[in-house]
Amino acid sequence: MRPVNNVFVPELIEPKRQIGARQFDLARHVAIMAIINRTPDSFHDHGRTFTFDAAVAAATQAVSDGTDWVEVGGVPFSPNRPDVDQPEELDRVVPVVQAIRTASDVVIAVDTYRTEVARQAIAAGADVINDTSGLHDPELADLVAETGVSLVITHSLASPPRTPVMRPGYEDIAGEVAAFLASRVELALSRGVLASQIIIDPGHDLNKNTYHSLELTRRLDEITRLGYPTLVAVSNKDFIGETLNLPQDQRLEGTIAALMVCILQGARIVRVHDVRAASSAVRMAEAILGWRPPAYARHNLV
C-alpha cells in the first residue's frame, strides 16, 4: 500500500474497471451501491420496497440521489427468516432488473448465491453478482467467467448458505477473513474468472459478532491489501446499533462514521440504504483527499 495525502491507498490489481456501461477509477473514486430489497421482511426497511412498483421507484430515486450502482435482492440476509425458494427469488428479482435496465445505464448488482438466479438476472441486464455465500457453488464462478460480469466474493462461514452459525469465534478476525477471501479468489481464478472481474467483501456482521465487526473495520487495510476492490456493507447493521444503543432507524450517523473509517483504509464500494446522505459524505471525503474538485468555489475567491 502507498500513502497518498497521509491515507493508505491499496495497490489495486486492476484499479480502472469497466462495469456494465460505466467506468470507474477505484483508486480515486468510491462507488455507492443502493440497496433494493424485494423482501417483505428486510431487516432495515421492513418490506418498504417489496412490491414491484416500490422497488422500481426506489431504484429510480436512488439514481436521482447519486448512486452509482443499485443492488436487487430477493432473499432476506438473516438465516432466522423464512427461506425463499428459487422460483420465488427469480420472480422477485428478474422483473426488477429488467425494468431498471430499460430505464438507466446504472450498474445493476444482484444479491444471490444461486447460479440459475444469477444466470437469468444477467440475461435481464445485471452487471454484477454479489455472492454472500463466498462461492459456495463453484459453478457460479463458471457463469461469471462465461458472461464477463463482475463478481463480489463475500466472507461467510455458513455452509450451506443461510445456515445459522452459532457464536462464531475467531483467533484473528482480519487475518482469517483475508485468508478466506484469498482462497476463494484463487478458486474463482482457477475457474476462469479474471482478476478484473473480482471484488471482495469482508462481510460485516455476517457470522460475526459486534466485537468482530468493530475489529474488522479498524483493520480493514488487511483486507484491501489483497489488491481487489473492497466493498463494505455496514449500513445500519447490528454492530452499529449495539455499539451506540440505537434502533435501526437511528443508525445513520454511525453508518457514516463506519463508512469513513473504511474508505480511509481502502474500501472503494459502499453498500447503503440512505443514498443521499452517503453520497454527500463520500463526495466530501473524496474532495478532502484531493480526488474530486468542489462543485463550485467562491468563498474568498470573489
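(A) Structural detail: the pattern of salt bridges. Using the criterion set out here, one finds 19 salt bridges in the structure. One salt bridge in this structure joins arginine 22 and aspartate 105, with 2.9 Å as the shortest N-O distance. Of this pair, arginine 22 sits in strand 4 (residues 22-25) while aspartate 105 sits in the loop between helix 2 (86-103) and strand 7 (107-111), and the two are 83 residues apart along the sequence. With relative accessibility at 21%, the residue arginine 22 sits in the partly exposed group. A relative accessible area of 40% means that aspartate 105 is categorised as partly exposed. For the salt bridge of arginine 271 with aspartate 111, the shortest nitrogen-to-oxygen distance reads 3.9 Å. In this pair, arginine 271 sits in strand 12 (residues 267-272) while aspartate 111 sits in strand 7, placing the two residues 160 residues apart along the sequence. Each member of the pair, arginine 271 as well as aspartate 111, carries the same accessibility label: buried. Each of Asp68, Arg283, Glu286 and Arg292 takes part in a single network of salt bridges with overlapping partners.

(B) Quick peek at the pairing of strand 12. Burial of strand 12 is extensive: six of the six residues sit out of reach of the surface. Bridging between strand 5 (residues 31-37) and strand 12 involves four bridges; their strand directions are parallel. Across the sheet, residue alanine 31 finds its bridge partner in strand 12, namely isoleucine 269. Where strand 11 (residues 230-232) lies against strand 12, three bridges are found, and the strand directions are parallel.

(C) Representation of the pairing of strand 9 (residues 150-154) within the structure. Across the five residues that make up strand 9, a large majority, five, are buried. Every second residue of strand 9 is oriented toward a common face, with Ser150, Val152 and Thr154 on one face and Leu151 and Ile153 on the other, all of them buried. Taken together, the four bridges between strand 8 (residues 128-131) and strand 9 define a ladder with parallel strand orientation. In the sheet register, asparagine 130 faces strand 9, and the bridge partner there is valine 152.

(D) Quick look at unusual backbone geometry. Across the junction of serine 159 and proline 160, the peptide omega takes the value 0°, indicating a cis bond. Considering the arrangement of structural elements, one finds proline 160 in the loop between strand 9 and helix 5 (173-190). Positive phi values are uncommon outside glycine, yet asparagine 245 reaches one of about 55°. Relative to the elements of secondary structure, asparagine 245 occurs in the loop between helix 8 (238-244) and helix 9 (252-264).

Conventions we followed
Residues numbered from 1 in each chain as written. Predicted model: local features only at pLDDT ≥ 70, side-chain atom pairs only at ≥ 80, totals over all residues. Heavy atoms only, no water. Salt bridge = Lys/Arg side-chain N within 4 Å of Asp/Glu carboxyl O. Helix = DSSP H or I, 4+ residues; strand = E, 2+ residues; numbered from the N terminus. Buried < 20%, exposed > 50% of the residue type's maximum accessible area, 1.4 Å probe, protein only. Pairing = 2+ DSSP bridges.

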